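So you can see what is in the structure, the chains are spelled out below.
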Amino acid sequence: MNFENAVFKNRRPILISLSKDRVRVDSFNLYHKENFVVGELTFGFDESIDGSIKLEKLSLLDASELMGVKFPVKGEMSGEIKLGSSLKRPVLRADITAKGLEYMKFKSDRLTLSLLYSGDKLGLDLKIIDKNEEILSAVADATIKFDPENMDKSIGRAQYRATVKSKGVDISPISVFNEEIQELEGKLSADLVAEGTGED
């Protein structure tokens, strides 16, 4: 991580209010160069929660520099993450979009990711589009009990089903997972269905 010389700023005051039944944080904002996130959160003393964080603009190249990755990622990401219900039974929804993605030889005009976790049910929908053609789609559903103290066991007992379809995704980024592979070329076409448990 290269956070030592990074500068993060609040450009607007962050407001915190306290009442007899809740704490509320308004106008949360954090800027780094021209990248910024904004958000708000309400925490009830009955353990209820309601909040959101918006990624108004995030340069993946700037993020790569902060993380000190060997091969930087290019592109711009935006989206929103919402949290609601209660600490014991949270509801989480995330909608993320990335445009102009470039990583090694992989390129994509647009990537969209939607994720919803509610009532121990997790749903994920990923789409990658390049030159107006959907080159990869992944849809997954899982049942995962929310248990902060025993999440390893919950993940191990999770039941899932996933479908992945690809019409030709560049596989060069896979080489970063194995230092012995100097370079990897080619495209992957697939039509896969997988189901089971986290322990499989």
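All of these numbers come straight from a predicted model, not from anything done at the bench.

Caption draft 1: Inspection of helix α1 (residues 60–67) at higher detail. Within the sequence span of α1, burial applies to Leu60, Asp62, Ala63, Ser64 and Leu66. Of the residues trailing α1, Gly68 is marked for its positive phi of about 65°.

Caption draft 2: Region of interest: the pattern of salt bridges. Per the stated rule, a full pass over the model turns up eight salt bridges. Note that Lys33 and Asp62 form a salt bridge whose closest N and O atoms lie 3.7 Å from each other. Here Asp62 lies in helix α1 and Lys33 lies in the loop between β2 (22–32) and β3 (35–44), a separation of 29 residues in the sequence. Judged by its relative accessible area of 46%, Lys33 falls in the partly exposed class.

Caption draft 3: Looking closely at the sheet that holds strand β9 (residues 133–143). Taken in spatial order, the eleven strands make up an open sheet running β1-β2-β3-β4-β5-β6-β7-β8-β9-β10-β11, and their pairing is antiparallel. Every other strand in the sheet has two partners, leaving β1 (15–18) and β11 (187–197) as the edge strands with one partner each. Taking the axes of each pair of neighbouring strands and ignoring which way they run, one obtains an average angle of 5° across the sheet. One ladder, built from eight bridges, connects β9 with strand β10 (residues 159–170); its direction is antiparallel.

Caption draft 4: Geometry of the nonpolar core. Within the largest apolar cluster, 14 residues are counted, with the highest numbers of intra-cluster contacts made by Leu101 and Ile128. Beyond its immediate chain neighbours, meaning those up to four positions away, Leu101 contacts Leu60, Val73, Lys74, Gly75, Phe106, Lys107, Ser108 and Leu111.

Caption draft 5: How the structure looks around the pairing of β1. Pairing geometry for β1 and β2, over four bridges, is antiparallel. Bridged to Ser17 within β2 is Arg24.

Parameters and conventions
- Residues numbered from 1 in each chain as written.
- Predicted model: local features only at pLDDT ≥ 70, side-chain atom pairs only at ≥ 80, totals over all residues.
- Heavy atoms only, no water.
- Buried < 20%, exposed > 50% of the residue type's maximum accessible area, 1.4 Å probe, protein only.
- Helix = DSSP H or I, 4+ residues; strand = E, 2+ residues; numbered from the N terminus.
- Salt bridge = Lys/Arg side-chain N within 4 Å of Asp/Glu carboxyl O.
- Pairing = 2+ DSSP bridges.
- Axes fitted to C-alpha atoms, helices over the stretch in contact; angles between N-to-C directions.
- Core = buried A, V, L, I, M, F, W, Y, C linked by side-chain atoms within 4.5 Å.
- Contact = heavy atoms within 4.5 Å.

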